[in-house]
Amino acid sequence: MTAPETRGFDPAGYFAFDMARGSVHTRHGERVLVLASDVLGPLVSTAVRQGDLTAVRMLGKRIGEDAARSLGGDVKAATPEAVTTHASGMLSLLGWGTLTLERWGHALVLALEGAPSLDNERLGLAALLGGVLTTLGGRDVACVPVDGTRFVIVHPSIAEAVWSWSKEHRDLASIVGRLSPEQAA
Amino acid sequence: MSRIEKLKVLLARVEQRRAEPRLVAVSSAGGQVSANTNVEPTRTREPQLELAKPLPPVAQPPSSIPPPSAAASISTSSLPPVARTQAPSSTVPPVAPGEAQPTGPQRIAPQPVVPFDSAVRTTSAARIQAPKTFGELLEQSLALRPKSG
């Protein structure tokens, strides 16, 4: 029997197109819509302007749930490679690009290559990845865009500060260098 | 043409019609539904003929078409972009500190995950005691706070 740790991501049969009923479902029975990325982009831009990315984050959580089901075990106890395999597989399957995970000292950084362009500051993608990681990690997680493709994973309470450094055009090494492990009380 | 000859012709048409009863063709491979134009309409009404009997269901209403979901399901082999996605594996060679980062899907989950020493000056002790699980790594990242001062 293959352990969840070593099982690869299987995209086969993820979508079922029901022509008679005019619907598309995932293999978990959830109905989905196939949208053009240039339709979704303006919707996300509007959400960013209104400061409410709840729907995008919710989408990310759904993707995280599917990745966790695909992994098939305790996500937090799995290796980073296994989690990234299934999260990247789900994101690729849905057209969001390919995901990699990097460690910069104590900081975890997600890199999303080939993602569709949604909004200039990539806050839509940050919300999406935040949703994915929140589900996989089992607690609230924020992803802050720091350069063209990367998002640093931080506690939501410091996301605003990290985002302000990023807007000052500080590079990733500089941003991570300004963080240190929280001291125990 | 005599009446008997007309009946023979009609019976021949009936036999031909039974051989081609489908009005709708569903092509699962192409995901297409098309009409079968070879079926001829029946015009006779003679009660003595077999035509008076109910014919096998020739024209199926669209709603009775079995959903071709299985045929339309995406398979790995039919989707080259998905199939090309390379999942990370433990065979991905680690990138030594200072080396250029690999590009493309091979960068997915390098094994081991690379510490970028030069960038953040991670101490040796931290590398040796590096946690192994995703949960531990995540907790470590979430515990980061801005340095005071």
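Before reading on, note that the structure itself is shown above.
These figures come from a predicted structure and were not determined experimentally.

Trainee: Kindly report on the overall build of chain A, identifying the contributing residues and their values.
Mentor: Helix and strand counts for chain A come out as six helices and eight strands. Listed by position from the N terminus, the elements making up chain A come as β-β-β-α-α-α-β-β-α-β-β-α-α-β. The proportion of buried residues among the 185 residues of chain A is 46%. Residue pairs at least 24 apart in sequence account for 50% of intrachain contacts in chain A once pairs closer than 6 positions are excluded.

Trainee: Got a sec to walk through the overall build of chain B? Specific residues and values, please.
Mentor: Helices and strands together make up the secondary structure of chain B, namely six helices and three strands. Listing the helices and strands of chain B from first to last along the sequence gives α-β-β-α-α-α-α-α-β. Burial statistics for chain B: of 149 residues in total, 11% are counted as buried. Of the contacts formed within chain B by residues at least 6 apart in sequence, a portion of 25% connects residues at least 24 apart.

Trainee: Describe the packing of helix H2 (residues 54-71) of chain A against helix H3 (residues 80-93) of chain A, listing the residues and the values that go with them.
Mentor: All names here are of chain A. Contact geometry of H2 with H3 gives a least axis separation of 9 Å together with a crossing angle of 130 degrees. In terms of orientation, H2 lies oblique with respect to H3. In this structure, the crossing between H2 and H3 has a hand that is right-handed. Across from Ile 63, Asp 66, Ala 67, Ser 70 and Leu 71 in H2, the residues of H3 making contact are Ala 82, Val 83, His 86, Ala 87, Gly 89, Met 90 and Leu 91.

Trainee: Outline the sheet that holds strand E6 (residues 142-145) of chain A, listing residues and values.
Mentor: Residue and element names in this part refer to chain A. On the basis of which strands lie adjacent, the open sheet formed by four strands has the order E4-E5-E7-E6 and antiparallel pairing. In this open sheet, the two strands that pair with only one neighbour each are strand E4 (98-104) and E6. Between one strand axis and the next, the sheet turns through 30 degrees on average, direction left out of account. The strands touched by helix H4 (residues 123-137) within the sheet are strand E5 (107-113), E6 and strand E7 (150-154), with E6 carrying the most contacts at an inclination of about 155 degrees. Helix H5 (residues 159-167) rests against E6 and E7 of the sheet, and its axis sits at about 10 degrees to E6.

Trainee: So what about H3 of chain A? Which residues, and what values?
Mentor: All names here are of chain A. In this model, H3 (14 residues) spans 20 Å end to end at C-alpha, consistent with the 20 Å of a helix rising 1.5 Å per residue. Across the 14 residues of H3, 14 count as buried, placing the element largely inside the fold. With its phi angle positive at about 85 degrees, Gly 95 sits one or two positions after the end of H3.

Trainee: Tell me about helix H6 (residues 134-142) of chain B, and please be specific about residues and values.
Mentor: An α-helical turn contains 3.6 residues, so a residue and the one three or four places further along point in the same direction. Turning to H6 of chain B, its buried residues number three or more, namely Phe 134, Gly 135, Leu 137, Leu 138, Ser 141 and Leu 142 of chain B. The arc enclosing the buried residues of H6 of chain B, seen along the axis, measures out at 165 degrees, which places them on a common side.

Trainee: How would you sum up the environment of Pro 156 of chain A? Please name residues and give values.
Mentor: All names here are of chain A. For Pro 156, the location among the structural elements is in the loop between E7 and H5. Pro 156 sits 12 residues away from Val 144 along the chain, and the two C-alpha atoms are 9.4 Å apart. Residues in contact with Pro 156, not counting those within four places in the same chain, are Asp 140 and Ala 142.

Trainee: I'd like a description of the pairing of E7 of chain A, backed by residues and values.
Mentor: All names here are of chain A. With five of five residues buried, E7 lies mostly within the body of the structure. Side-chain alternation along E7 places Arg 150, Val 152 and Val 154 on one buried face and Phe 151 and Ile 153 on a second face that is also buried. Bridging between E5 and E7 involves four bridges; their strand directions are antiparallel. For Leu 110, the partnering residue across the bridge sits in E7 and is Phe 151. Linking E6 to E7, which pair antiparallel, is a turn of four residues.

Trainee: Give a detailed account of the environment of Thr 46 of chain A, specifying residues and quantitative values.
Mentor: Its place among the elements puts Thr 46 of chain A in helix H1 (residues 37-50). Linking Thr 46 of chain A and Asp 119 of chain A, residues 73 residues apart in sequence, is a C-alpha distance of 8.9 Å.

What counts and what doesn't
Residues numbered from 1 in each chain as written. Chains lettered and ligands numbered in written order. Predicted model: local features only at pLDDT ≥ 70, side-chain atom pairs only at ≥ 80, totals over all residues. Helix = DSSP H or I, 4+ residues; strand = E, 2+ residues; numbered from the N terminus. Buried ≥ 20, exposed ≤ 12 C-beta atoms within 10 Å, placed from the backbone. Contact = placed C-beta atoms within 7 Å. Axes fitted to C-alpha atoms, helices over the stretch in contact; angles between N-to-C directions. Parallel < 35°, antiparallel > 145°, perpendicular 65-115°, else oblique. Left-handed = near helix turned anticlockwise from the far one by under 90°. Pairing = 2+ DSSP bridges. Expected span 1.5 Å × (residues − 1). Arc of directions from axis to C-beta.

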